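Remarks on the overall topology
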Amino acid sequence: MAGKILLVDDAAFMRMMLKKIIAPTGHELLEAVDGSDGVAKYKENKPNLVFCDIVMPNVDGIECLKQIMALDSNAKVVMCSSIGQQTVVNDAIKIGARDFIVKPFDAAKVLEAVSKNM
Amino acid sequence: MDDMDEYKEMFAVESAEHLQSMNDALLSLEKDPANSETINVMFRAAHTLKGMSATMGYTNIKELTHNMENLMDRVRKNEINLDSSAIDVLFECLDTLEKMVETPEKSSEIDIASLIGKLSTNDYVSVPLKDEQIVQTNAAHEAISNDIPAAGINAPVNSGEKSETGNIYEITVTLHESCMLKSARSTVVMRNLSEIGEIIETVPPIKDLEDEKFDREFKVIISTIEDAKKLEDAAKKVSEISKVEVKSHTGSKSREKIEEKTCVTDGNGSKTSIKSVQSVRVSIERLDSLMNLVGELIINKIRLMQLASVHKLDDLEETLASLNRLTNDLQEEIMASRMVPIEQIFNRFPRMVRDLAKNQEKEIDLILEGGDIELDRTVLDEIGDPLVHILRNCIDHGIESPEVRKQNGKNEKGTIRLTARREKNHVVIEAVDDGKGMDPQKMRETAVKKGLMTQEEAAKLSDTEAINLSFMAGFSTAEKVTEISGRGVGMDVVRTKIGGMGGSIKLESVPGKGTMMRLKLPLTVAIIHSLMVKVGSDIYAIPITNVIRDLSIKKEEIKTIKGEEVVLIRGDVLPLVRLHKLFDIKGNGSEELLVVVVERAGSNVGLVVDQVIGQQEVIIKNLDNNILKGVKGFAGATILGDGNVALILDVGTLL
């Protein structure tokens, strides 16, 4: 069943990459350009899944995650991290992130995260 | 060091700790076999070791610990009593485990079938239980330790219990090869699992998971009312997982884990971190090379200081003074990081003394004091065997049988007191027993009987000298081969070893009252305080622990007894050894002789030198890897401030 997926990343390039990978699954894709935009878009659209970058200007990924979790404790957020961000990712999971993927994105893993969390 | 080496090292260190705690637990269970807390300690240690060895693929270690765990589980559940035969078997297991853990790669070669047979036998006195009682004891057990009864294939499943407290499963999760943030991945798995059950334990521990100290696999022990399928699904729901295996677990939740859990959450329910001493494991090789580098640094510093003073560079001297302080601090810090408490070797003695005493049907109390005194790791490694030998002598030859002791009006139980204390720059270790002591006359007779000296020579020995005969090569070996003493190590080897480190050994004994052995050890072997002397044009270092005093004598004071040069000091005969003769160096032939009196095997010897330069800290460089290897009389070499090399005398083997 097709659902909504929100991609939160300040880098358009990364959003595009994710879109290209996820598009074939048929889910509806929404985009947010930073953390605060991400929270707003979550409130507005109640997506089934969120891919959230960690390092972003203004409201960063962790803060974005916190705010989304506060809005909806059942929110499914997948963090997009880089190698070396283990501690941050661990924190994110403790806050409530469902999953994480590591950049550079491996299409198979992104799809795995989509299928396992939708 | 690659990953595997790191795991192996971690395994070695941690399994040794668990073995030690099992040993301690078993010793106290021998006195108090029903102590449930100690029984639990034993159970947990066996369980943890099982998990660790399974992770490493050491099947035999896993099998043995598994069976030990089962036995302890039966004890915990009051199915059997821990009688002395069971304790003996467990001790045997510990010995075997120790061997296996030492070289785990070879652990599969050790036959453990008979031990497992003994562990799983039903011969142990069982506590007969009626159905009613089972319920009662289980309830009592729960009330005390908040334990969740094990349920699984090997345990009878009581459906009532099951519905209340759930089953315990062991889930083995293997991460995908390409998984990059393994720790974070494991956190996701744990979080998912914790939503449907209570996580009791993880292998490796959570802390190690968080620090990514694991390979691709980790285990989670979980208590849940859900079934295995549900657990598997929960774990598999996580990305980058290549395999999930769910098994019924036969162990139980341990109190320790619960306690840990309770301290994670504070009153407000928010997470607080457990306070712990932050530490890193560093290999001794790395510390050695650090020490060596600091040594080199100090040598260069001394050279610079000499240059500055030769060329009268005042401003450089000022800078060097602060460099001097820094290097001294650095040296002290590194020395301190190498220090370990002596209890690390003391710990193994209660067990050894117990075994030997039991073997020889003696009753012995071992009192250990000063276990917190710290010694350089290298020194500690070296004194383990000598101490074992000394203690063994106390048991074999010192403490009498209970009957004899009673006859002599002594307490039937003998006492051995092993004490460590710090004295200035040394550590003194004393082993005192209240046994039969040494009879100088018997010592003389034995020496003659063994052909070590003639009747006349023996008769001339003072009592102290006669007692010190035990340090003579060929005297104490193989006199009586006991279980441990089969190695043929004599007291002469002990003395050589202690002397080789720049330490000394002293023996005092009163017939009928007991014997005291005193070891004086340097705090570290890497740097020793030495008296620098000159013979001919060469400089030698004599470890200060060996030096009694220095004095000067006139040539005409020297007397000759049986072709040996001696000098009378306050009525005592002091044998003289001219170092330039010994080393075949030309002496200066002056009328006044400088003598450094050193202690050797309880008696004093005067070393004749040309010049006494003064005291200095020297850094030992081993002679192990070069042409001087095996040359007796030298403990090593050191590099002096001017770049010259000085040999360090080993008084024990020099003469």
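Residues numbered from 1 in each chain as written. Chains lettered and ligands numbered in written order. Predicted model: local features only at pLDDT ≥ 70, side-chain atom pairs only at ≥ 80, totals over all residues.

Cut-off, in case you're wondering: UniProt positions are given in the numbering used here, feature names are shortened, and annotations may be inferred rather than shown by experiment.
Per an unreviewed UniProt entry, chain B carries the name Chemotaxis protein CheA and comes from Candidatus Methanoperedens nitratireducens. Per UniProt, chain B carries the Subcellular location (unreviewed entry) text "Cytoplasm".

The name given to chain A in an unreviewed UniProt entry is Chemotaxis response regulator, with Candidatus Methanoperedens nitratireducens as the source organism.

Quick look at the overall build of chain B
Inclusion rule: In this text, helices come from DSSP runs of H or I with a minimum length of four residues, and strands from runs of E with a minimum of two, each type numbered from the N-terminal end. Whether a residue is buried, exposed or partly exposed follows from its count of other C-beta atoms within 10 Å of its own C-beta, namely 20 or more, 12 or fewer, or something in between, respectively; the C-beta atoms are built from the backbone. Distance between backbone-placed C-beta atoms decides contact: two residues are in contact if it is within 7 Å.
The helix and strand inventory of chain B stands at 23 helices and 22 strands. Across the 655 residues that make up chain B, the buried fraction comes to 33%. For chain B, restricting intrachain contacts to residue pairs at least 6 apart in sequence, the fraction spanning at least 24 positions comes to 67%.

Regarding the overall build of chain A
Helix and strand counts for chain A come out as five helices and five strands. The order of α-helices and β-strands along chain A, N terminus first, is β-α-β-α-β-α-β-α-β-α. Of all 118 residues assigned to chain A, the portion counted as buried reaches 42%. Here the contacts in chain A between residues at least 6 apart in sequence split such that 59% fall between residues at least 24 apart.

Regarding the interface of chain B and chain A
Note the cut-off: The residue classification treats Ala, Val, Leu, Ile, Met, Phe, Trp, Tyr, Cys and Pro as nonpolar and Asp, Glu, Lys and Arg as charged. All others, Gly included, are polar.
On the side of chain A, 13 residues touch chain B, which itself brings 13 residues to the contact. For the side of chain B that touches chain A, the leading source of residues is helix H8 (residues 182-194) of chain B, giving five residues. For the side of chain B that touches chain A, a count of residues per class yields five nonpolar, three polar and five charged.

Considerations on the nonpolar core
In a soluble, globular protein the nonpolar side chains are often hidden away together inside. How we decide: A set of buried residues drawn from Ala, Val, Leu, Ile, Met, Phe, Trp, Tyr and Cys, joined through C-beta atoms within 7 Å, is what defines a nonpolar core. A domain assignment, automatic or from a database, supplies the domain bounds used here.
One finds Val50, Val78 and Met79 of chain A together with Met42 of chain B to be the most contacted residues of the largest nonpolar core, which totals 90 residues. Considering each element in turn, this core owes the most residues, nine residues, to helix H2 (residues 36-56) of chain B. Both domains that furnish three or more residues to this core are identified here as domain 1 (1-128) and domain 2 (149-264) of chain B. Discounting residues that sit within four places of it in the chain, Val78 of chain A has contacts with Leu49, Val50, Phe51, Ala97, Arg98, Asp99, Phe100, Ile101, Ala113 and Asn117 of chain A. Core analysis: the second largest hydrophobic core is formed by 40 residues, Ile342, Ile383, Cys394 and Leu521 of chain B among them.

Thoughts on the packing of helix H15 (residues 349-359) of chain B against helix H16 (residues 377-398) of chain B
Residue and element names in this part refer to chain B. Note the following rule: Helix axes use the C-alpha atoms of the stretch in contact, all axes being lines fitted to C-alpha atoms, and the angles between their N-to-C directions lie in the range 0 to 180 degrees. Each crossing is labelled by how the near helix is turned from the far one, with a counterclockwise turn of less than a right angle marking it left-handed and a clockwise turn marking it right-handed.
As a packed pair, H15 and H16 sit with axes 11 Å apart at the nearest point and diverge in direction by 35°. Of the two possible hands of crossing, H15 and H16 adopt the one that is right-handed. Here Phe349, Met352, Val353, Leu356 and Ala357 of H15 lie close against H16, whose contacting residues are Val388, Leu391, Arg392 and Ile395. For the contact of H15 with H16, the per-class residue count stands at eight nonpolar, no polar and one charged.

Digging into helix H2 (residues 35-45) of chain A
Residues and elements named next belong to chain A. Quick note on the threshold: Along the arc lie the directions from the helix axis toward the C-beta atoms.
Looking only at H2, the buried set comprises Gly35, Gly38, Val39, Lys41 and Tyr42. Within H2, the buried residues cover an arc of 165° as seen down the axis, which keeps them to one side. Exposed positions of H2 whose direction lies more than 90 degrees from the buried face are Lys43 and Glu44. For H2, the secondary structure elements touched by its buried residues are strand E1 (4-8), strand E2 (28-32), strand E3 (49-53) and helix H3 (61-71). Downstream of H2 by one or two residues, Lys46 has phi in the positive range, about 45°.

What to know about the packing of helix H4 (residues 86-95) of chain A against H8 of chain B
Applied cut-off: With respect to orientation, any angle under 35 degrees is reported as roughly parallel, any angle over 145 as roughly antiparallel, any angle of 65 to 115 as roughly perpendicular, and every other angle as oblique.
Closest axis-to-axis distance for the H4 of chain A/H8 of chain B pair is 8 Å, and the angle between their directions is 10°. Considered as vectors, H4 of chain A and H8 of chain B are oriented roughly parallel to each other. Where H4 of chain A abuts H8 of chain B, its residues Gln86, Val89, Asn90 and Ile93 of chain A lie against Ser183, Ala184, Thr187, Val188 and Arg191 of chain B. The class makeup of the residues in the contact of H4 of chain A with H8 of chain B is four nonpolar, four polar and one charged.

Points about unusual backbone geometry
All names here are of chain B. Here the amide bond leading from Val203 into Pro204 is cis, since omega sits at -5°, within 30 degrees of zero. By the secondary structure assignment, Pro204 is in the loop between strand E2 (198-203) and helix H9 (206-210). A positive phi is found at Glu240, a non-glycine position, where the angle reads about 60°. Within the element layout of this structure, Glu240 appears in the loop between helix H10 (228-236) and strand E4 (241-248). The exposure class assigned to Glu240 is buried, which follows from the 25 C-beta atoms found within 10 Å.

Regarding the UniProt feature "modified residue: 4-aspartylphosphate" (unreviewed entry) in chain A
All names here are of chain A. As annotated in UniProt, the feature "modified residue: 4-aspartylphosphate" (unreviewed entry) corresponds to Asp53 in the numbering used here. Along the chain, Asp53 turns up in strand E3. Filtering out sequence-adjacent residues up to four positions away, Asp53 remains in contact with Val8, Asp9, Asp10, Met14, Gly61 and Cys80.

Some points on the sheet that holds strand E13 (residues 538-543) of chain B
Residue and element names in this part refer to chain B. Threshold: For two strands to pair, DSSP has to find at least two bridges joining them.
Spatially, five strands are ordered E20-E12-E13-E22-E21 in an open sheet, and the strand pairing comes out mixed. In the strand order of this sheet, the two ends are held by strand E20 (611-619) and strand E21 (634-639), each with one partner. In this sheet, neighbouring strand axes are inclined to one another by 35° on average, regardless of whether the strands run parallel or antiparallel. Two elements, strand E12 (residues 527-535) and E20, share eight bridges in a ladder whose sense is antiparallel. The partner of Met532 across the bridge, within E20, is Gly614.

As for the pairing of strand E22 (residues 645-649) of chain B
Residue and element names in this part refer to chain B. Sheet topology places E13 next to E22; two bridges connect them, and they run parallel. Across the sheet, Tyr540 pairs through a bridge with Leu647, a residue of E22. Summarising the sheet, E21 and E22 pair through five bridges and their orientation is antiparallel. Across the sheet, Ile639 pairs through a bridge with Val645, a residue of E22.

Some details on the environment of Glu217 of chain B
Residues and elements named next belong to chain B. The residue Glu217 is located in strand E3 (residues 217-224) in this model. Taking the number of C-beta atoms within 10 Å as the measure of exposure, Glu217 has 16 and is therefore partly exposed. Remark: the alpha-carbon pair of Glu217 and Lys182, spanning 35 residues in sequence, is separated by 9.6 Å.

A short note on the sheet that holds strand E10 (residues 504-510) of chain B
All names here are of chain B. The five strands lie next to each other as E6-E8-E9-E11-E10, forming an open sheet whose pairing is mixed. With partners counted over all chains shown, the strands left at the sheet margins are strand E6 (364-369) and E10, one partner each. In this sheet, neighbouring strand axes are inclined to one another by 10° on average, regardless of whether the strands run parallel or antiparallel. The pairing of E10 with strand E11 (residues 514-522) spans seven bridges and is classified as antiparallel. When the sheet's bridge partners are listed, Lys506 is paired in E11 with Arg518. Against the sheet, H16 engages E6, strand E8 (414-423), strand E9 (426-433) and E11, with an angle of about 175° to E11. Along the sheet, helix H21 (residues 491-500) makes contact with E10 and E11, crossing E10 at roughly 140°.

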